[in-house]
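# Survey of secondary and tertiary structure
Residue strings, one per chain:
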Amino acid sequence: MANSQRYLRYIVFALVCLILLFFISSSSSGPSSWPSITNPAANGSITSPEKPPTTPNTGSSPPPATAAGGRMNATFVTLARNSDLWEIAKSIRHVEDRFNRKFNYDWVFLNDDDFDDEFKKVTSALVSGKTKYGRIPTEHWSFPDFIDQDRAAKVREQMKEAKIIYGDSISYRHMCRYESGFFFRHPLMLDYEWYWRVEPSVEFFCDIDYDPFQYMADNKKKYSFVLSLYEYVETIPTLWDAVKNFTKAHPEHIVEGNMMNWLSDDDGKTYNHCHFWSNFEIGNLNWLRSKAYLDYFNSLDHAGGFFYERWGDAPVHSIAAALMLKKEEIHFFNDIAYYHVPFTHCPTGEEYRLQHKCHCNPKDNFDWNGYSCLSRYYEVKGKEKPAGYEKEQQQ
Ligand SMILES: Nc1nc2c(ncn2[C@@H]2O[C@H](COP(=O)(O)OP(=O)(O)OP(=O)(O)O)[C@@H](O)[C@H]2O)c(=O)[nH]1
Ligand SMILES: [Mg+2]
């Protein structure tokens with residue numbers, strides 16, 4: 001009996017040892033190189049003792065959650081409808097991931113209607129800075145009394161037949177006029193000196209590790225772009241005539257050392273249709289609120305082309321910048337990689353793209369395409385194009 005009890009004790013002891021051995025070996029050499037996650041509810045923390053294998057990553061630590069230094073008096077600004085929610089949500093995610101999570105700038109949303117609760121709830125959850133929601137006053141989003149409504153309606157009919165994109169749209173025309181002459185005067189925008197315009201469905205492909213607003217201020221820039229191209233002639237047949245009338249009436253607003261030769265190949269007689277694509281802009285609001293710009297906008301507005309043709313805010317802003325700013329005050333952000341259907345700006349230069357974790361295909365870069373106005377921009381600025389551009393042009 002005593003013997004059998006001793007054997008039983010040996011067997012229990014051996015079993016305990018075996019179980020212990022099993023646990024020790026499975027936790028140190030288990031099948032996984034996956035990080036183990038302890039139950040956060042159990043001890044309030046999540047731990048990952050070992051990182052999964054990664055491709056070589058030269059950055060030794062992740063970027064800081066918040067960039068050091070002060071903030072500029074600046075905001076993102078988006079004009080949108082409630083129905084744009086999920087497309088602007090994507091754009092915000094791109095901006096936040098690549099830039100704003102480190103800087104936490106505010107975001108102003110403007111609409112010709114009231115924003116609904118869902119729009120506000122989702123966008124305010126995505127933006128790392130403050131969000132503000134403004135309704136556009138009716139007088140900034142309606143036909144001015146000097147516009148002949150019948151004439152405008154006939155034009156829309158004709159443009160519809162000619163299949164001109166947005167040619168029959170009233171709201172698109174209000175949008176272009178609003179972006180040309182009013183967004184910077186909205187009460188919510190008066191708090192700020194700098195803006196960065198963002199549209200629904202755009203993408204940003206590279207990390208932006210510095211503050212472009214700060215760059216603009218430090219380098220005395222007032223207007224900037226990433227894509228430039230030729231405008232559809234059918235939408236602006238008399239825009240240049242209206243510009244010439246303005247420059248005749250207000251020669252004092254045309255600055256010396258401007259970029260007229262980017263807009264025109266014959267010293268201003270005709271317009272070559274080059275413009276900066278305004279769905280991306282970083283710019284100075286005080287310039288847009290200046291007497292020079294407001295005189296320019298009022299003059300064009302009274303010419304009627306926002307409704308009798310289909311003038312876009314892109315050529316309107318671009319012509320103003322090229323004539324009323326010195327060429328040094330306009331900046332091309334080669335380092336901000338961007339997409340708005342159907343064009344991509346993917347920075348020229350492989351080293352930059354790798355260092356900034358860019359995910360755009362350099363073959364999609366529009367910059368050196370014949371329909372882009374960027375080569376002309378470099379010529380007018382008297383600057384060398386980025387190293388390696390010929391190679392990327394041929395890809
Ligand atoms: N509130 C409001 N916003 C508008 C309206 N129409 C356009 N927008 C906004 O104005 C900006 C420009 O409009 P888009 O439709 O993107 O014009 P686009 O870039 O020329 O054309 P797409 O190729 O369709 O992008 C975007 O931020 C839109 O969300 C409108 O009727 N009301
Ligand atoms: Mg758009």
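Rules used in this analysis
In this numbering scheme, every chain counts its residues from 1 along its sequence in written order. Chains carry letters from A onward and ligands carry numbers from 1 onward, assigned in written order. Note on the predicted model: pLDDT of at least 70 is required for a residue's local features to be given, and 80 or more for side-chain atom pairs to be given and counted; whole-chain, interface and lining totals, by contrast, use all residues. By convention in this description, side-chain values take in all heavy atoms of the structure and omit both hydrogens and water. Per the convention used, a helix needs a DSSP run of H or I reaching at least four residues, while a strand needs a run of E reaching at least two, with both numbered from the N terminus. Contacts between residues were defined by any pair of non-hydrogen atoms, one from each residue, lying within 4.5 Å. Shrake-Rupley sampling with a 1.4 Å probe provides the accessible areas, and residues are treated as covered by the protein chains on show and by no other component. To estimate the expected span of a helix, count its residues, drop one, and scale the result by 1.5 Å. Between buried and exposed lies partly exposed: a residue is buried under 20% and exposed over 50% of the maximum accessible area for its type, with that area taken using a 1.4 Å probe on protein chains only. It is the directions from the helix axis to the C-beta atoms that the arc portrays. The donor definition counts N, O and S atoms within 2.8 Å of each metal and applies 3.2 Å to Na, K and Ca; water is not among these atoms, so some sites may look incomplete. The predictor's confidence in any single residue is recorded as pLDDT, a number from 0 to 100. Charge assignment in this entry is limited to Lys and Arg as positive and Asp and Glu as negative, and neither His nor the chain termini are counted. What counts as a salt bridge is simple: a side-chain nitrogen of Lys or Arg found within 4 Å of a carboxyl oxygen of Asp or Glu. Distance and chemistry together define a polar contact, namely a pair of N or O atoms within 3.5 Å, with one atom able to donate a hydrogen and the other to accept it when in protein, and with adjacent residues in sequence counting only for side-chain atoms on both sides. By convention, a stacked pair of Phe, Tyr or Trp rings (six-membered ring in the case of Trp) has centres within 6.5 Å and planes under 30 degrees apart, an edge-to-face pair has planes over 60 apart, and any other such pair is tilted. Comment: the charge-over-ring label is applied if NZ (Lys) or CZ (Arg) is within 6 Å of the ring centre and within 35 degrees of the ring normal. Here, the term nonpolar core denotes a set of buried Ala, Val, Leu, Ile, Met, Phe, Trp, Tyr and Cys residues that are joined through side-chain atoms within 4.5 Å. The pairing criterion is simple: DSSP has to find at least two bridges between the two strands. Note on method: axes are straight lines fitted to C-alpha atoms, helices fitted across the in-contact stretch only, with angles between N-to-C directions ranging 0 to 180 degrees.

### Things to note about the overall build of the protein
Summing up its helical and strand segments, the protein has 16 helices and 12 strands in all. Counting contacts in the protein only where the partners sit at least 6 residues apart, residues at least 24 apart contribute 78% of the total. Of the roughly 20,700 Å² of accessible surface on the protein, a fraction of 54% belongs to carbon and sulfur atoms.

### Section: helix α5 (residues 149-161)
With 13 residues, α5 extends 19 Å between its outermost C-alpha atoms, agreeing within 8% with the 18 Å of an ideal straight helix rising 1.5 Å per residue. Among all positions of α5, only A152, V155, R156 and M159 are buried. All buried residues of α5 lie within an arc of 100° about the axis, which places them on one face of the element. Opposite the packed face of α5, turned more than 90 degrees from it, sit the exposed residues D150, K154, Q158 and E161. In this structure, the buried residues of α5 make contact with α6 (170-181) and α12 (305-308).

### Here we look at the coordination of the magnesium ion (ligand 2)
Those protein atoms acting as donors to the magnesium ion (ligand 2) are E199 (OE) and H340 (NE2), and they sit at 1.9 to 2.2 Å. Residue E199 is located in the loop between β4 (194-197) and β5 (203-204), and its partner H340 is located in strand β11 (residues 338-340); the two are separated by 141 residues in the primary sequence. The class of H340 is buried, set by a relative accessible area of 13%.

### A look at the confidence of the model for the protein
Per-residue confidence for the protein gives a mean pLDDT of 88; residues scoring 70 or more make up 83%. Across residues 23-65, where pLDDT falls below 50, the model places 23 contacts with residues more than four positions away in sequence or in other chains.

### Quick word on the side chain of R173
Relative to the assigned elements, R173 resides in helix α6. The charged side chain of R173 is buried without a salt bridge, its nearest counter-charge being D168 at 6.4 Å. A polar contact of 3.0 Å, which involves the side chain of R173, links it to the backbone oxygen of E309.

### Quick word on the packing of aromatic side chains
Under the definition given, this model contains 51 aromatic pairs. Residues Y223 and W287 carry aromatic rings whose centres are separated by 6.3 Å and whose planes lie at 70° to one another, so their mutual orientation is edge-to-face. Of this pair, Y223 sits in strand β6 (residues 223-225) while W287 is found in helix α10 (residues 285-288), placing the two residues 64 residues apart along the sequence. Of the two residues, Y223 and W287, neither departs from the other in class, the shared state being buried. Positioned over the ring face of Y308 is R151, at 3.7 Å from the centre of the ring.

### Quick notes on the nonpolar core
Ranked by size, the top nonpolar core spans 61 residues in total, and within it F183, Y293, Y296 and Y377 carry the most contacts. It is helix α13 (residues 313-324) that provides the largest number of residues to this core, a total of seven residues. Every residue in contact with Y377, bar those within four places of it in the chain, is listed here: F225, M259, W262, F276, I330, H331 and F332. M72, A89, I92 and L229 belong to the second largest nonpolar core, which has 39 residues in total.

### Considerations on the sheet that holds strand β2 (residues 106-111)
Strand pairing in a sheet relies on backbone hydrogen bonds, with the paired strands running either antiparallel or parallel. Spatially, β3-β2-β1-β4-β9-β6-β10 is the arrangement adopted by the seven strands of the open sheet, whose pairing is mixed. Each edge of the open sheet carries a strand with a single partner, namely β3 (131-135) and β10 (330-332). Strand-to-strand, the axes of this sheet are offset by a mean angle of 20°, without reference to chain direction. For β6 and strand β9 (residues 281-284), the ladder comprises two bridges, and the chain directions are antiparallel. Within the sheet, the bridge partner assigned to Y223 lies in β9 and is G283. Helix α15 (residues 374-381) rests against β6 and β10 of the sheet, and its axis sits at about 130° to β10.

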